[in-house]
Amino acid sequence: MQIKMPCGLGIGPGGQCSTGMCFNAATRVLEHHTDRGVWRSGAYCLPCLGKQVRPAAEVAAADASDIIYGNTGGTNGLPDDRWKIREFAADELAELEAIRSGRLLSLYVSPGNFVWASEAEAQADRDRRNAEEHAARHRGPRTR
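The sections below set out a description of the structure shown in this document.

Calculation notes
- Residues numbered from 1 in each chain as written.
- Predicted model: local features only at pLDDT ≥ 70, side-chain atom pairs only at ≥ 80, totals over all residues.
- Heavy atoms only, no water.
- Helix = DSSP H or I, 4+ residues; strand = E, 2+ residues; numbered from the N terminus.
- Buried < 20%, exposed > 50% of the residue type's maximum accessible area, 1.4 Å probe, protein only.
- Salt bridge = Lys/Arg side-chain N within 4 Å of Asp/Glu carboxyl O.

## Section: the environment of Ala-61
Item 1. Position of Ala-61 relative to the elements: it lies in helix α2 (residues 56–69).
Item 2. The class of Ala-61 is partly exposed, set by a relative accessible area of 47%.

Set out below in structure tokens:
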């Protein structure tokens, strides 16, 4: 599961790797470079990136072999001439540290919709929801 940090970078829950079944801490950013610009794919751990990003010539040769022999359905990796691995920028690292330390929390709003909040904002939201639930329980029966 990928969550968008306030800076727009995708990351796993609690600052973990963006890969679905990996629970390592995210340590690098994966970027896709094209003639139209740079797109940040997300934050990953180095072992996962090592499995994804491979030399461009190796990826091209594996793709050509797949075409010749009819192998389909898999990926041969991301070519390193267009996909780059980099360290976190200062603003990304500051947000990541705030998430990992609990100063910045992902707050549920509705299905699939989360916002970033401080601990005080999260507690205020909990208090508001509890008050709404308490008021709903103690409301008298409705008449038609």
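What follows continues from the structure just given.
## Things to note about the pattern of salt bridges
Item 1. Taken as a whole and judged by the stated rule, the model has 10 salt bridges.
Item 2. Residue Glu-97 pairs with Arg-100 through a salt bridge whose shortest N-O separation is 3.9 Å. Placement of both Glu-97 and Arg-100 in helix α3 (residues 90–101) is noted, with a separation of 3 residues, approximately one turn of the helix.
Item 3. For Glu-97, a relative accessible area of 39% puts it in the partly exposed group.
Item 4. Classification of Arg-100 by relative accessible area gives partly exposed; the value is 35%.
Item 5. Ionic pairing is found between Arg-128 and Asp-125, a salt bridge with its closest N-O pair at 2.7 Å. You can see Arg-128 and its partner Asp-125 sitting in helix α4 (residues 119–137), 3 residues apart, about one turn around the helix.
Item 6. On the accessibility criterion, Arg-128 (39% relative accessible area) is partly exposed.
Item 7. Through salt bridges with shared partners, a single ionic network connects Glu-31, Arg-40, Arg-86 and Glu-92.

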